[in-house]
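Chain by chain, the residues:
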Amino acid sequence: MTRYAHVIGDPIAHSKSPLIHGFWLQKLGIGGGYSSQHVTADDLTDYIDRSRSDDHWIGCNVTMPHKQTIIPALSALDPLAAKLGAVNTVIRQEGGSLKGFNTDAGGFLEPLLPILETKHLFRMARILGTGGAARAIIAALADHGFTLVVAGRDPAKARGLLDELAPRGEHYAVHLSHFAEPTDFAFDDRDQCLDLIINASPLGMEGSPPLMFDWSHAPPGSIAYDIVTKPIDTPFLIAARAAGHEAIGGFAMLIGQAAIAFEKLFGAAPPREHDAELLGILSQ
């Protein structure tokens, strides 16, 4: 029997992880399996107990609503996962012990790394959303010298995230509606500055309410980044390009975090030279 891994969550039918990991396994000729498992909150303990006793099970990726609740079942946490209080990758170690990791922060940063290699006089990120994805994004950008503005329906929650995950630096928490109406604010010269506008919420996703963001709030030369993957080209990204900004879609983070998890699970770097082909498959 070959080694195998799962992605678990509730719901889980929408997950692209089996397509991504299966694609890489096939390209590398690695004998292994990766599939989705619908695991409810009531089933989580039983799933972990049953899986960890199987020597062929190498671990799992974890999506909502289990990223926090799975932690008590684990033997150890990677320092980043401990800092974020969220796990999205579990690795079975020798003897059946389980270690939790978080690859969301690394996956989010991946398309930005070439830009972050440049020195900037000032870096600012406006982060829209205060959910689980926002936690990883806040921590990742704080570590790269960004001043952060976090917008949510509950500014107190946004403030709490900043105090917890980015305690150093002058950061701001505002209501999400702050960015909904036009502004005539005159931005300073943005030469040698880096500005990010990030949708870290499900707003704008197919079946969800729209994200209300007026692009007059974005300094010239900003980069728009939407973690939503359905639709591929969100209204947020379309409006960003229309306003003259560079746009990064959600598949960048999805593939980036999956690549880190794949190497931890299967012990091999994924063949990223086939990213264009993989994107075509994911877009179908």
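The notes below deal with the structure included here. Computed from a predicted model, the values in this text were never measured in an experiment.

1. Focus: the sheet that holds strand 9 (residues 172–175)
Judged by pairing direction, the sheet is parallel, and its six strands sit side by side in the order 9-8-7-10-11-12 without closing on themselves. Strands at the two margins of the open sheet, each flanked by one partner only, are strand 9 and strand 12 (246–248). Across the sheet, the mean angle separating the axes of adjacent strands is 20° when strand polarity is ignored. Against the sheet, helix 7 (residues 155–165) engages strand 8 (147–152) and strand 9, with an angle of about 160° to strand 9. Seen against the sheet, helix 8 (residues 235–242) touches strand 7 (122–128), strand 10 (193–199), strand 11 (223–226) and strand 12 and runs at an angle of roughly 170° to strand 11.

2. Focus: the nonpolar core
Phe-108, Ile-127, Ile-138, Leu-141, Leu-148, Leu-196 and Ile-198 are the most contacted members of the largest nonpolar core, which totals 32 residues. Contributing elements (two or more residues each) for this core: helix 4 (104–109), strand 7, helix 6 (132–142), strand 8, helix 7, strand 10 and strand 11. Not counting residues within four places of it along the chain, the set of residues in contact with Ile-138 comprises Ile-127, Leu-148, Val-150, Leu-161, Leu-162, Leu-165 and Ala-166.

3. Focus: unusual backbone geometry
The linkage connecting Met-64 with the following residue, Pro-65, adopts the cis geometry, with an omega of 10°. Its location among the elements puts Pro-65 in the loop between strand 3 (57–62) and strand 4 (76–77). Residue Pro-231 is bonded to the preceding Lys-230 through a cis peptide linkage, with omega at 5°.

4. Some words on the environment of His-178
Along the chain, His-178 turns up in the loop between strand 9 and strand 10. The class for His-178 is partly exposed, based on a relative accessible area of 45%. Sequence separation between His-178 and Asp-189 is 11 residues, and the spatial gap between their C-alpha atoms is 22 Å.

5. Considerations on the sheet that holds strand 6 (residues 98–101)
Adjacent strands of a sheet pair through backbone hydrogen bonds, lying either parallel or antiparallel. Across the sheet, six strands lie side by side as 2-1-3-5-6-4; this open sheet has mixed pairing. Each edge of the open sheet is held by one strand with a lone partner, namely strand 2 (33–38) and strand 4. Where strand 4 and strand 6 come together, two bridges link them in parallel fashion. From the neighbouring strand, Leu-77 faces strand 6, where its bridge partner is Gly-100.

6. Concerning the packing of aromatic side chains
As enumerated under the stated definition, the model contains nine aromatic pairs in all. With centroids separated by 6.1 Å and ring planes inclined at 85°, the aromatic side chains of Tyr-47 and Trp-57 adopt a geometry described as edge-to-face. Taken together, the residues span a long stretch of sequence, with Tyr-47 in helix 2 (residues 44–52) and Trp-57 in strand 3 at a distance of 10 residues. Per residue, the accessibility class of Tyr-47 equals that of Trp-57, and both read buried. Ring geometry for Phe-185 against Phe-187: centres 5.1 Å apart, planes inclined by 75°, an arrangement best described as edge-to-face.

7. Observations concerning the side chain of Thr-147
Inspection of the secondary structure puts Thr-147 in strand 8. Setting aside residues up to four positions removed in sequence, Thr-147 forms contacts with Phe-122, Arg-123, Met-124, Ala-125, Glu-170, His-171 and Tyr-172.

8. As for helix 8
Turning to helix 8, its buried residues number three or more, namely Phe-236, Leu-237 and Ala-240. Buried positions in helix 8, seen along its axis, are confined to an arc of 95° and lie on one side of it. Facing away from the buried side of helix 8, by more than 90 degrees, are the exposed residues Pro-235 and Ala-242. In this fold, the buried residues of helix 8 make contact with strand 7, strand 10, strand 11 and strand 12. Of the residues one or two after helix 8, Gly-244 is the one with positive phi, at around 95°.

About the cut-offs
Residues numbered from 1 in each chain as written. Predicted model: local features only at pLDDT ≥ 70, side-chain atom pairs only at ≥ 80, totals over all residues. Heavy atoms only, no water. Pairing = 2+ DSSP bridges. Helix = DSSP H or I, 4+ residues; strand = E, 2+ residues; numbered from the N terminus. Axes fitted to C-alpha atoms, helices over the stretch in contact; angles between N-to-C directions. Contact = heavy atoms within 4.5 Å. Core = buried A, V, L, I, M, F, W, Y, C linked by side-chain atoms within 4.5 Å. Buried < 20%, exposed > 50% of the residue type's maximum accessible area, 1.4 Å probe, protein only. Phe/Tyr/Trp six-rings, centres within 6.5 Å; stacked < 30°, edge-to-face > 60°. Arc of directions from axis to C-beta.

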